[in-house]
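Structural overview for review
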Amino acid sequence: MSKKLRMGMVGGGPGAFIGPVHKMAAELDGKIQLVAGAFSQSPERSRAAGASFGIDPARAYASYAEMFEAESKREDGIDFVVIATPNNLHLPVAEAALAAGIAVMSDKPATATFDEVLRLKAVVAKAGLPYGLTHTYAGYSLVREARALCASGNLGLIRKVAVEYLQGWLSRPIESAGQKQAAWRSDPALNGPGGCIGDIGTHAFHLTEYVTGLKVTSLNAALRSVVPGRRLDDDCNALLRLNNGASGVLMASQVAAGERNGIRLRVYGEEGSIDWRQEDPNQLSVKWLDRPEEIRHAAGSYLSSDALTVTRLPSGHPEGYIEAFAVLYREFADGLCAFKAGNANPLPATLPGIEAGVRGMRFIERAIESSRTENWVEF
Ligand code: NAD
């Protein structure tokens with residue numbers, strides 16, 4: 001590729017969490033450059049963020065509508081936009097971008113509600129442009145290894161999945177003290193109806209289906225708001241049934257005091273099992289019924305090609321969150337280049353897209369319904 005793909009960003013203004021992470025990850029492989037943005041709903045703050053990112057001041061826009069209009073007229077306009085705003089803007093920003101002929105890389109969840117994601121799916125199909133969804137954990141090399149191991153059949157029939165995503169940062173009502181990330185996440189109008197279940201439960205759900213290759217067919221969930229006055233759930237437990245007869249347990253909480261970003265996935269087959277933890281992502285435990293446990297290390301020469309193709313560093317040099325994010329960006333960038341070269345359907349199955357977005361939003365909607373009715377619900 002002779003020149004870099006040009007990226008615009010919506011969100012990622014001063015003090016934002018994930019916008020700057022997107023920039024770092026997108027630019028890591030030298031295939032993408034951030035050149036424009038509507039970084040905040042405040043024009044001054046958008047300009048300030050643009051300056052901090054070192055982009056041309058004329059391309060730090062006051063709104064995303066203005067950005068799409070101006071950029072679609074430029075010879076060197078943006079090739080795609082990344083959406084890193086609160087959830088209520090994911091649909092309108094994606095729609096506006098696709099209408100302007102601009103591809104989309106969106107952060108999760110795909111939209112704020114299930115109805116919205118159905119609309120987005122139709123808009124993506126009509127536009128025919130690449131759409132990627134940053135379920136970050138899908139980018140870790142050992143998650144790819146776990147996925148390849150499940151697909152190989154070596155674990156035997158999958159019988160049970162235990163997935164958890166535990167955080168403690170919402171253990172107190174910090175949204176009432178104006179904590180930025182907590183404030184919109186606990187406001188149904190900005191976040192959508194699923195609190196913890198939408199924010200991190202969707203990651204756990206995605207990881208389950210992504211690694212096992214199975215689909216959840218029904219679930220029984222209990223969602224609670226533990227912190228007094230909180231308007232959305234902050235603690236969730238769900239029982240899952242999967243399409244091969246396996247069962248699952250999914251636990252997501254943002255009031256698990258002391259936990260930081262505790263994602264753990266265990267998958268049990270007839271012959272063996274895997275255990276991966278995001279806070280120690282460079283090793284994967286593989287346990288066997290009749291032989292000793294294996295610890296597979298990132299970049300080990302014995303890993304699957306699926307894992308090794310997304311590995312950048314030799315064994316013992318830890319890769320982490322930014323690199324995992326960057327794997328998704330590399331796949332998106334290669335896909336977008338192939339699209340520009342005439343391939344109508346260029347994104348690899350390893351990169352989450354609109355189908356994963358629809359599954360995630362359905363999961364939130366079903367979990368809320370199950371919790372409300374205190375019953376099992378079909379997916
Ligand atoms: P944040 O509050 O830190 O940042 C949101 C940014 O959006 C802010 O800069 C805000 O000014 C900006 N914004 C709001 N309205 C805007 C508008 N109209 N135009 C332009 N910018 C606007 O939130 P965050 O924690 O960075 O989360 C953002 C999104 O990323 C959420 O959807 C969240 O679910 C997702 N997220 C994903 C991951 C992951 O691992 N993939 C991690 C964290 C957050």
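Right, let's walk through the structure included here. All values derive from a computational prediction rather than experimental measurement.

Let's shift gears to the pattern of salt bridges. Applying the stated criterion across every chain yields a total of 31 salt bridges. Between Lys340 and Asp79 there is a salt bridge, with the nearest N and O atoms lying 2.8 Å from each other. Taken together, the residues Lys340 in helix α11 (residues 321-340) and Asp79 in the loop between α3 (64-73) and β3 (80-84) connect sequence positions 261 residues apart. Across the pair Arg231 and Asp187 runs a salt bridge, and its minimum N-O distance is 3.8 Å. Taken together, the residues Arg231 in the loop between β7 (216-224) and β8 (235-242) and Asp187 in the loop between α7 (180-185) and α8 (188-191) connect sequence positions 44 residues apart. In this structure Arg231 comes out as exposed when scored by relative accessible area, which is 56%.

Ordered in space as β2-β1-β3-β4-β5, the 5 strands form an open sheet in which the pairing is parallel. On the outer flanks of this sheet lie β2 (32-38) and β5 (131-134), each paired with one strand and no other. Across the sheet, the mean angle from the axis of one strand to that of its neighbour is 25°, orientation sign disregarded. Pairing analysis gives 4 bridges linking β3 to strand β4 (residues 103-107), with the strands arranged parallel. Pairing of Ile83 across the sheet is with Ser106, part of β4.

Below, the discussion takes up the nonpolar core. Judged by nonpolar contacts, the single largest core of 105 residues is most densely connected at Phe80, Val211, Ile274 and Tyr329. Sequence-distant contacts of Val211, that is, excluding residues within four places in its chain, are made with Val143, Ala146, Arg147, Cys150, Leu265, Val267 and Ile274.

Taking burial as the measure, the 7 residues of β2 include 6 buried ones, the bulk of the element. Inspection of the sheet shows strand β1 (residues 5-11) paired to β2 by 6 bridges, in the parallel sense. The residue of β2 that forms the bridge with Gly8 is Ala36.

Scoring rules and cut-offs
- Residues numbered from 1 in each chain as written.
- Predicted model: local features only at pLDDT ≥ 70, side-chain atom pairs only at ≥ 80, totals over all residues.
- Heavy atoms only, no water.
- Salt bridge = Lys/Arg side-chain N within 4 Å of Asp/Glu carboxyl O.
- Helix = DSSP H or I, 4+ residues; strand = E, 2+ residues; numbered from the N terminus.
- Buried < 20%, exposed > 50% of the residue type's maximum accessible area, 1.4 Å probe, protein only.
- Pairing = 2+ DSSP bridges.
- Axes fitted to C-alpha atoms, helices over the stretch in contact; angles between N-to-C directions.
- Core = buried A, V, L, I, M, F, W, Y, C linked by side-chain atoms within 4.5 Å.
- Contact = heavy atoms within 4.5 Å.

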